[in-house]
Amino acid sequence: MRVDLGNALDTVASPGIPRDALDRLDERVADAHERIETGRENHEHGYESLNLPQTTDADEIRTAVESFADAETVLTVGIGGSALGAATLAHGLESDVDAYFLDNVDPEHVSSLLDSISLSDTAVNVVSRSGTTAETLANFLAVRDAMESDGVDWTEQTFVTTGEEGNLRNLAERHDLPALDVPDGVPGRFSVLSTVGLACAAIQGHDIDAVLSGAQAEANRLSGSLFDSPAYAYGTACYALDERGAGINAMMPYAESLETFAEWYAQLWAESLGKDGLGQTPVRALGATDQHSQLQLYRAGPRDKMVTFVRPTEREDCAIPETDLPGLEYLGGQNLGTLLDAEFEATEASLAESSQPSVRLEIDRVDEYGLGELLYCLEASCVLAGELYNVETFIQPAVEWGKRAARGLLGGGDFDEADSVADKSTLVIE
Ligand SMILES: O=P(O)(O)OC[C@H]1O[C@H](O)[C@H](O)[C@@H](O)[C@@H]1O
């Protein structure tokens, strides 16, 4: 894949990165790369994620799910890093097997989804690294109950993906459910290239070896210089722009199939880098749709943001029929893809013309290989950025705080955090 930083330079944009600042940062990239390589070699927590293209056993995943070969639907029950990677692949790639995700615990949504799918034809994958996440376990109990109500033997159609211990591991052992292990040292938001992200893809019939090959190709390009590594180039550019005031990063893929990828990216960027008063705020956008809702702000609003464009350079196309409708002749006979490309070029130029910074990431196609490249590239970018910010990339104490508070409120234990809920101030106007 390719990264183009041209529209992030200070010759185009404000904030923008001076070319010599990139050269200076390259020395820090060399140090960061050494740190990352040491972490990978020693299988340190988090850094181990960048070894997944080599360590993930695709055969093990295929074997674990082979009893679900006839499933017409795969339902993943998980949240955050235990859902978004699989969802990115499922929504990025076409399959005859439908994929659904239960992450939120909105009761109306859960009930309506469970009413709308044929549970007897559904493989259920319950995913939780910790095995204790309340939303996931509650949703699983709802799914199990719905299956029992429909006379479906849930134990025949459920498998779990989890860590060594926890409620989910106990459940798997008690009911002899097939279980895949979440690899050690891999936080949820970095786990798409493992059992966590790939089991659903395998059930959907996707070529998970190709996903890993694409990722490996990007791994091979990590080097001591940002000028040789798209991943490091992107991570450095985001850091450098943030330092100069672009505290918001709008992820704007130009492919409908990458809409969920932007959600995955938002978790990766926010949870990994949002620490010690630092980090960019990720925003999700979609080209060309959000040209018609957000672009006004991106071009003419405060100079506090950058846009990350992601573009596949090839895609299946769809012809726009010829027309004699007055004024529309220029569209007739073209392709929708040509129109989308023109929209992309115009938006990128529109930002540059008003000196708003953007970075372009390109893959050849939204296919297994291209997604593997893209996902790995952004994970490595994020790890590199974490080194430049000097934050603890692989922890998320602020999220854990909220989890404890919610659990305390529900009577799931004695947690001081729950007391803060009573201390909240209000100013209600009716
Ligand atoms: O996989 P689980 O342990 O269920 O965790 C699911 C999610 O929980 C929390 O919200 C964490 O901040 C996320 O990083 C994690 O992905």
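What you are looking at is a predicted structure, and each value in this text was computed from that prediction instead of being measured.

## Overview of the overall build of the chain
Stage number 1. Secondary structure assignment for the chain yields 17 helices and ten strands.
Stage number 2. Relative to a compact globule of 430 residues, whose C-alpha radius of gyration would be 22 Å, the chain shows 23 Å and is just as compact.
Stage number 3. Along the first, second and third principal axes, the C-alpha set of the chain runs to 65 × 60 × 60 Å.
Stage number 4. With 430 residues in all, the chain has 53% of them scored as buried.
Stage number 5. Working note: accessible area of the chain is about 19100 Å², and carbon and sulfur atoms make up 47% of it.

## Describing the environment of L258
Stage number 1. Along the chain, the position of L258 falls in the loop between β7 (248–253) and α12 (259–273).
Stage number 2. Residues L258 and E343, 85 residues apart in the sequence, show an inter-C-alpha distance of 17 Å.
Stage number 3. In this structure L258 touches P253, V310, V366, L371 and L374, once residues within four positions along its chain are discounted.

## Considerations on the side chain of S229
Stage number 1. Turning to its location among the elements, S229 is positioned in the loop between α10 (208–219) and α11 (230–243).
Stage number 2. Ignoring anything within four residues of it in the chain, the contact list for S229 reads R221, L222 and S223.

## Remarks on the pairing of strand β10 (residues 358–363)
Stage number 1. With six of its six residues buried, β10 lies for the most part within the structure.
Stage number 2. Residues S358, R360 and E362 point to one face of β10 and V359, L361 and I363 to the other, with burial holding for every one of them.
Stage number 3. With three bridges joining them, strand β1 (residues 2–4) and β10 adopt antiparallel strand pairing. Counted as the bridge partner of R2 is E362 from β10.
Stage number 4. Pairing analysis gives six bridges linking strand β9 (residues 305–312) to β10, with the strands arranged parallel. Paired with F309 across the strands is R360, a residue of β10.

## Concerning the site of the ligand
Stage number 1. Lining the immediate surroundings of the ligand are 14 residues, of which S82, S128, S130, T133 and E271 lie closest.
Stage number 2. Within the contact set of the ligand, an oxygen atom lies 2.6 Å away from a side-chain nitrogen or oxygen of S82.
Stage number 3. With respect to the ligand, the side chain of Q267 contributes an N or O atom lying 3.4 Å from an oxygen atom.
Stage number 4. Protein coverage of the free-state accessible area of the ligand, which is 390 Å², stands at 90%.
Stage number 5. Going through the elements one at a time, α12 and α16 (397–409) are the ones with two or more residues in the shell around the ligand.
Stage number 6. For the shell around the ligand, a count of residues per class yields two nonpolar, eight polar and four charged.

## Describing the UniProt feature "domain: SIS" (unreviewed entry) in the chain
Stage number 1. When the UniProt feature table is mapped onto this chain, "domain: SIS" (unreviewed entry) is found at residues 64–211.
Stage number 2. Taken end to end, residues 64–211 is 43% helix and 17% strand, and its first and last C-alpha atoms sit 18 Å apart.

## Here we look at a negative patch on the surface
Stage number 1. Residues D70, E72, D96 and D98 make up a contiguous surface patch of negative charge.
Stage number 2. Structurally, E72 is set in the loop between α3 (58–65) and β2 (73–77).

## Quick word on the sheet that holds β10
Stage number 1. Reading across from one edge, β1-β10-β9-β7-β8 is the order of the five strands in this open sheet, with mixed pairing throughout. Since the sheet does not close on itself, it has two edges, and those belong to β1 and β8 (281–284), each with one partner. Within the sheet, the average angular offset between the axes of one strand and its neighbour, ignoring direction, is 20°.
Stage number 2. Across six bridges, the pairing between β7 and β9 is parallel. Bridged to N249 within β9 is M306.

## Comments concerning the pattern of salt bridges
It is possible for side chains of opposite charge to pair when their charged atoms get near one another.
Stage number 1. Considering all chains together, one arrives at 23 salt bridges under this definition.
Stage number 2. The partner of R360 in a salt bridge is E345, with the nearest N and O atoms 3.7 Å apart. Of this pair, R360 sits in strand β10 while E345 sits in helix α14 (residues 336–353), and the two are 15 residues apart along the sequence.
Stage number 3. We note a salt bridge from R404 to E417, for which the minimum N-O separation is 2.6 Å. Here R404, found in helix α16, pairs with E417, found in helix α17 (residues 416–422); they are 13 residues apart in sequence, far enough to count as distant.
Stage number 4. Accessibility expressed as a relative area gives 13% for E417, which makes it buried.
Stage number 5. The network of salt bridges with common partners includes R2, R311, R315, D341, E345, E348, R360, E362 and D364.

## As for α16
Stage number 1. Counted at 1.5 Å a residue, the expected span for α16 with its 13 residues is 18 Å, and the 19 Å between its end C-alpha atoms agrees.
Stage number 2. Among the residues trailing α16, G411 stands out with phi positive, at a value near 80°.

## Quick word on the environment of E156
Stage number 1. In this structure, E156 sits in helix α7 (residues 154–157).
Stage number 2. Looking at E156, the relative accessible area reads 58%, which means it is exposed.

Thresholds applied
Residues numbered from 1 in each chain as written. Predicted model: local features only at pLDDT ≥ 70, side-chain atom pairs only at ≥ 80, totals over all residues. Heavy atoms only, no water. Helix = DSSP H or I, 4+ residues; strand = E, 2+ residues; numbered from the N terminus. Rg over C-alpha atoms; globule rule 2.2 N^0.38 Å. Buried < 20%, exposed > 50% of the residue type's maximum accessible area, 1.4 Å probe, protein only. Areas by Shrake-Rupley, 256 points an atom, 1.4 Å probe, with all protein chains shown as cover. Contact = heavy atoms within 4.5 Å. Pairing = 2+ DSSP bridges. Near = heavy atom within 4 Å. Polar contact = N/O pair within 3.5 Å; in protein donor to acceptor, adjacent residues only side chain to side chain. Nonpolar A, V, L, I, M, F, W, Y, C, P; charged D, E, K, R; others polar. UniProt positions renumbered as here; feature names shortened; annotations may be inferred. Patch = residues over 30% accessible without salt bridge, like charges linked within 9 Å, V, L, I, M, F, W, Y side chains within 5 Å. Salt bridge = Lys/Arg side-chain N within 4 Å of Asp/Glu carboxyl O. Lys, Arg positive; Asp, Glu negative; His and termini not counted. Charge placed at Lys NZ, Arg CZ, Asp CG, Glu CD. Axes fitted to C-alpha atoms, helices over the stretch in contact; angles between N-to-C directions. Expected span 1.5 Å × (residues − 1).

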